[in-house]
Amino acid sequence: MAEVHVMNHPLIVHKLSLMRDKYTGAKEFREAVEEISSLLCYEATRDLPLKEVEIETPIARTTVRYISGKKLAVVCILRAGLGMVDGVLDLIPNAKIGHIGMYRDPDTMQPVEYYCKLPTDIANRDVILVDPMMATGGSANVAIQFLKNYGVQHIKFMCILAVPESIAAIQEEHPDVEIYCASIDEKLNEKGYIIPGLGDAGDRLFGTK
Ligand code: PRP
Ligand code: URA
């Protein structure tokens, strides 16, 4: 079973606390999503391979290590995943970007897919899939399956909030996918919202409510 990384670093905990506060406005909310995404990405890229290269410093010849040209893509689940993309690109600016459009039907809580545009060579890339909220885990599970159908072999899923049942749902369907999150909250309410959570991430990011 792939690991679940819960990043309870003080910087992340602080920024997540700002996000949870219902009085935090869209600008500050967006900034916190982006910053937390960078910090999660720092951890999610810890195992990137390095290659040795000989260089000269101003003083001497030496061997240094560079990231070894691993092909990466960041794929976001629309809408809310868009808010995480820039934070990832801050650290891996050459990653290609894919979009999977999906919304959760408010009555059935089932994900409904409406858009997909992925880099043409996605099958040759390791993918960091991003969506701030993993509630039932339905949207993430469908998006992961989608990527696998395109031939993607290595997927890491980065979210900000999860709950025990969504972690279990991913682990059951996709035990190979490592999960990186800022918090595992308590549970879902009867409408499928995370408790205590932070509300509707898409609406808070884009000011649509
Ligand atoms: C939210 C969130 C996830 C999904 C999580 O998106 O960004 O994609 O819900 O729920 P699940 O784990 O139960 O599937 P939403 O459906 O609100 O769409 P939006 O981002 O366009 O607002
Ligand atoms: N989607 C959200 O944006 N928030 C939740 O709490 C659950 C799903």
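Residues numbered from 1 in each chain as written. Chains lettered and ligands numbered in written order. Predicted model: local features only at pLDDT ≥ 70, side-chain atom pairs only at ≥ 80, totals over all residues. Heavy atoms only, no water.

Considerations on the site of ligand 2
Now for step 1: Taken together, the neighbourhood of ligand 2 is formed by Arg104, Met133, Ala135, Gly192, Tyr193, Ile194, Gly199, Asp200 and Ala201.
Now for step 2: Isoleucine 194 is positioned such that a nitrogen or oxygen atom in its backbone is 2.8 Å from an oxygen atom of ligand 2.
Now for step 3: Here ligand 2 loses 88% of its free accessible area of 230 Å² to cover by the protein chains.
Now for step 4: In this structure the site holding ligand 2 corresponds to the largest pocket.
Now for step 5: Of the residues in the shell around ligand 2, the class split is five nonpolar, two polar and two charged. (Near = heavy atom within 4 Å. Polar contact = N/O pair within 3.5 Å; in protein donor to acceptor, adjacent residues only side chain to side chain. Areas by Shrake-Rupley, 256 points an atom, 1.4 Å probe, with all protein chains shown as cover. 1 Å grid on protein atoms, 1.4 Å probe; cavity = no way out; pocket = protein on both sides within 12 Å on 5 of 7 lines; lining within 4 Å. Sits in = over half its atoms within 2 Å of the grid points. Nonpolar A, V, L, I, M, F, W, Y, C, P; charged D, E, K, R; others polar.)

Topic: the packing of helix α1 (residues 10-20) against helix α2 (residues 26-44)
Now for step 1: In the contact formed by α1 and α2, the axes pass within 9 Å of each other and the chain directions differ by 155°. With respect to α2, the axis of α1 lies roughly antiparallel. When you trace α1 past α2, the crossing you get is left-handed. Packed against α1, whose contacting residues are Leu11, Ile12, Lys15, Leu16 and Met19, the element α2 presents Phe29, Ala32, Val33, Glu35, Ile36, Leu39 and Leu40 at the interface.
Now for step 2: Tallied by class, residues from the contact of α1 with α2 come to 10 nonpolar, no polar and two charged. (Axes fitted to C-alpha atoms, helices over the stretch in contact; angles between N-to-C directions. Helix = DSSP H or I, 4+ residues; strand = E, 2+ residues; numbered from the N terminus. Parallel < 35°, antiparallel > 145°, perpendicular 65-115°, else oblique. Left-handed = near helix turned anticlockwise from the far one by under 90°. Contact = heavy atoms within 4.5 Å.)

Overview of the sheet that holds strand β8 (residues 155-158)
Now for step 1: The mixed open sheet is built from seven strands, whose spatial order is β1-β10-β8-β7-β4-β5-β6. Whereas interior strands pair on both sides, the edge strands pair on one side only; in this sheet they are β1 (4-6) and β6 (111-117). Going across the sheet, the axis of each strand differs from the next one's by a mean of 20°, ignoring polarity.
Now for step 2: Docked against the sheet, helix α3 (residues 82-91) engages β4 (72-78), β5 (96-104), β7 (126-130) and β8, running at close to 160° with respect to β4. (Pairing = 2+ DSSP bridges.)

Concerning the layout of surface pockets
Now for step 1: Taken as a whole, the largest pocket spans an internal volume of roughly 690 Å³.
Now for step 2: Around the largest pocket sit 29 residues that line it, and Met102, Tyr103, Arg104, Tyr193 and Asp200 are the ones nearest its centre.
Now for step 3: Contributing elements (two or more residues each) for the lining of the largest pocket: β4, β5, α4 (138-149) and α6 (201-206).
Now for step 4: Its residues placed into classes, the lining of the largest pocket shows 16 nonpolar, seven polar and six charged.
Now for step 5: What the second largest pocket holds in volume is close to 260 Å³. (Points joined across faces, edges and corners; volume = space filled by probe spheres on them.)

Regarding the packing of aromatic side chains
For any pair of aromatic rings, the description rests on two quantities: the centre-to-centre distance and the angle between the ring planes.
Now for step 1: One pass over the structure, following the stated rule, counts two aromatic pairs.
Now for step 2: For the ring pair tyrosine 103 and tyrosine 114, a centre distance of 6.1 Å and an interplane angle of 35° mean the geometry is tilted. With a gap of 11 residues between them, tyrosine 103 in strand β5 and tyrosine 114 in strand β6 connect regions that are remote in the sequence.
Now for step 3: Relative accessible area serves as the criterion here: at 45%, tyrosine 114 is assigned to the partly exposed category.
Now for step 4: Taking 5.7 Å as the distance between ring centres and 40° as the angle between the ring planes, the aromatic pair formed by phenylalanine 146 and tyrosine 150 counts as tilted.
Now for step 5: Looking at phenylalanine 146, the relative accessible area reads 16%, which means it is buried.
Now for step 6: For tyrosine 150, a relative accessible area of 44% gives the class partly exposed. (Phe/Tyr/Trp six-rings, centres within 6.5 Å; stacked < 30°, edge-to-face > 60°. Buried < 20%, exposed > 50% of the residue type's maximum accessible area, 1.4 Å probe, protein only.)

Keep in mind that these numbers describe shape and distance, not what the molecule does.
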